[in-house]
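# Commentary on secondary and tertiary structure
Chain residues, written in single-letter form:
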Amino acid sequence: MIVLTSGKKYLDIDGYASCLAYRELLKMQGIDSKFVSTAIPNYSVTESLLNLPFGLDKYEISPTDKFIIIDLSNKAFFENFVREDDIVELIDHHPGFEGYWADKLKENSHIEQVGAIATIIAEKYEQCNLLNNMNKNIAELLMAAILDNTLNFTAKATKQRDIEAYKKLEILTNNFDFKSTYFGEVQNFIEKDLVTAIVNDMKLEETCEYLPKTLGQLTIYDITTILEKLEIVKDTMNKYDEHWLINIISLKENKSYIACSDETVTDNLEKMFNTASINNIVALQPSILRKEIIKTALGMPMYEIRHK
Ligand SMILES: [Mn+2]
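Parameters at a glance
- Residues numbered from 1 in each chain as written.
- Predicted model: local features only at pLDDT ≥ 70, side-chain atom pairs only at ≥ 80, totals over all residues.
- Heavy atoms only, no water.
- Helix = DSSP H or I, 4+ residues; strand = E, 2+ residues; numbered from the N terminus.
- Polar contact = N/O pair within 3.5 Å; in protein donor to acceptor, adjacent residues only side chain to side chain.
- Contact = heavy atoms within 4.5 Å.
- Salt bridge = Lys/Arg side-chain N within 4 Å of Asp/Glu carboxyl O.
- Buried < 20%, exposed > 50% of the residue type's maximum accessible area, 1.4 Å probe, protein only.
- Phe/Tyr/Trp six-rings, centres within 6.5 Å; stacked < 30°, edge-to-face > 60°.
- Donors = N, O, S within 2.8 Å, 3.2 Å for Na, K, Ca; no water.
- Domains from an automatic or database assignment.
- Buried area = accessible area lost by both parts, 1.4 Å probe.
- Axes fitted to C-alpha atoms, helices over the stretch in contact; angles between N-to-C directions.
- Parallel < 35°, antiparallel > 145°, perpendicular 65-115°, else oblique.
- Left-handed = near helix turned anticlockwise from the far one by under 90°.
- Pairing = 2+ DSSP bridges.

The next point concerns unusual backbone geometry. For the bond from glutamine 285 to proline 286, the omega torsion is 0°, close enough to zero to count as cis. In this structure, asparagine 274 takes a positive phi of about 50° despite not being glycine. With respect to the helices, strands and loops of the structure, asparagine 274 is situated in the loop between helix H11 (263-273) and strand E10 (277-278).

So this is what it looks like as C-alpha cells:
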C-alpha cells in the first residue's frame, strides 16, 4: 500500500488538502493509497472542510508500505511510522533539505519554490489530463490551501503558477466567492479559540542562532481582536519556552506582526529585517511567512561563518 503523509507535529490545509487530492488522483489512475496522519489538522482546515466526504484514513501501517511525503522535507518531523528507505516520492516547498533529497530520491524529489504544494498537485491533475475530472470538494480544498499558504497571493513565495492553478480551480468549482467564505470561517475559529489556534500552528524547530526554537504563526484576515488579546498569546507561548516568537499575519493590511518573548529575540529580528520594534513586536509590510523568516535567518552572515 502507498501511504500519503505529512508532518507528525503539524498538519495545515496545504498538507491536508494535497494528501487528499493526491490520493484521489492516484485512485483515478487505479492506484490504491491511504492518507495517514497522527497530527491534528490546525485551524486552517476549517470545520466545513473537515466535514467534507473526504478525510483521513484509518489504516494500520505494514512493513511493505511505501511512503509519499507531502509538504515536508525535514526528517525531524516525519511521522514515526515512516521508514526513510521506503519513501518513493517527496513533494515540498520548505527550504533547507533540497540537496539531501535530490541525492536520495533523484527525480522523485520535488522540492520547488512555489506558494503551495496544492498548486503542484493541481498541476499533476492537469499533466494527467484529469483536471476536469477533479471532484469539486477536492478542488475547494486545494483552493483553500493556495489561499492560506500564499496569504491570499500576497506572500513573497507566491508564484504565477499558484495564481493560475487557483483560477483553474475556481472555474472548475464555479465558486467565485470561495475566498470570503474561507477566510471568514478561519477568522471565526481563531477568535473563538485563540489558544487552540496557536497551539495547533506551533513549530518547534532548531534552525540557527538568529531564531528561538519555538516559532508560532497565526494567519487571520482582521488582526484587531488578536492584538486586544495579546496577553493570551504571550501566556500560551510562554508555556512552551522562555524564548519564542509568533508571526501574526494580517491579510487585510498585508502586514506581519512578529511578537517576541524578549529583547534578545527582538534584537535578532531587527538585525535580520533592518527595522525597529515597538514593545517587542517587529512589524513588517508586506507580510512574511514563517518559512520565509527561517530562510532569512539561514542566510544571515554570522550563520554562514560559524557553519563553514
Ligand atoms: Mn505548504
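Now, onward.
Structurally, asparagine 74 is set in the loop between strand E3 (66-70) and strand E4 (87-92). Separated by 2.9 Å, the side chains of asparagine 74 and glutamate 205 make a polar contact. The residues contacting asparagine 74, other than those within four sequence positions of it, are Phe97 and Glu205.

Another aspect to go through is the pattern of salt bridges. Scanning the entire structure with this criterion turns up 16 salt bridges. Residues arginine 23 and aspartate 57 are paired through a salt bridge, measuring 2.8 Å at the closest nitrogen-oxygen approach. Of the two residues, arginine 23 is situated in helix H1 (residues 13-28) and aspartate 57 in the loop between helix H2 (47-50) and E3; the sequence distance between them amounts to 34 residues. Note that lysine 234 and glutamate 231 form a salt bridge whose closest N and O atoms lie 3.8 Å from each other. With a gap of three residues between them, lysine 234 and glutamate 231 both fall in helix H10 (residues 230-238), about one helical turn apart. Overall, glutamate 231 belongs to the exposed group, its relative accessible area being 51%. Through salt bridges with shared partners, a single network forms among Arg23, Glu24, Lys27 and Asp57.

Right, let's talk about the packing of aromatic side chains for a bit. Considering all chains together, one arrives at seven aromatic pairs under this definition. On the numbers, 5.8 Å between centres and 65° between planes, the contact of tyrosine 16 with phenylalanine 35 is edge-to-face. On the criterion of sequence distance, the pair formed by tyrosine 16 in helix H1 and phenylalanine 35 in strand E2 (residues 33-35) is long-range, its members being 19 residues apart. The buried category is assigned to phenylalanine 35, whose relative accessible area is 0%. One aromatic cluster in this structure is built from Phe78, Tyr100 and Trp101.

What follows concerns the coordination of the manganese ion. Surrounding the manganese ion are the protein donor atoms Asp14 (OD), Asp71 (OD), His93 (NE2) and Asn149 (OD1), at 2.2 to 2.5 Å. Taken in chain order, the donor set of the manganese ion reads D-x56-D-x21-H-x55-N. Of this pair, aspartate 71 sits in the loop between E3 and E4 while asparagine 149 is found in helix H5 (residues 136-149), placing the two residues 78 residues apart along the sequence. Since its relative accessible area comes to 8%, aspartate 71 is described here as buried.

Our focus in this paragraph is the domain arrangement of the protein. Along its sequence, the protein is carved into domain 1 (2-183) and domain 2 (193-307). Computed over C-alpha atoms, the centres of domain 1 and domain 2 are 25 Å apart. The partner domain 2 presents 19 residues to the 19 residues of domain 1 that form the contact. Contact between domain 1 and domain 2 buries roughly 1,800 Å² in total, counting both sides, with carbon and sulfur atoms accounting for 61%. When the buried surface of domain 1 facing domain 2 is broken down by residue, Tyr10, Tyr43 and Leu151 rank first, second and third, together holding 35% of it.

Packing of H1 against H5 brings their axes to within 8 Å, and their N-to-C directions diverge by 150°. Comparing the axis directions of H1 and H5 gives the class roughly antiparallel. Note that H1 runs across H5; the crossing there is left-handed. On H5, the residues that touch Ile13, Asp14, Tyr16, Ala17, Ser18, Leu20, Ala21 and Glu24 of H1 are Ile138, Leu141, Leu142, Ala144, Ala145, Asp148 and Asn149.

Now for the sheet that holds E2. If you trace the five strands from one edge of the open sheet to the other, you get E2-E1-E3-E4-E5, paired in parallel fashion. Whereas interior strands pair on both sides, the edge strands pair on one side only; in this sheet they are E2 and strand E5 (109-111). Ignoring strand direction, the axes of neighbouring strands in this sheet form an average angle of 15°. When E3 meets E4, the two strands line up parallel, connected through four bridges. The residue of E4 that forms the bridge with isoleucine 69 is leucine 90. Its contacts with the sheet place helix H4 (residues 117-127) against E3 and E4, and it is angled at close to 120° to E4.

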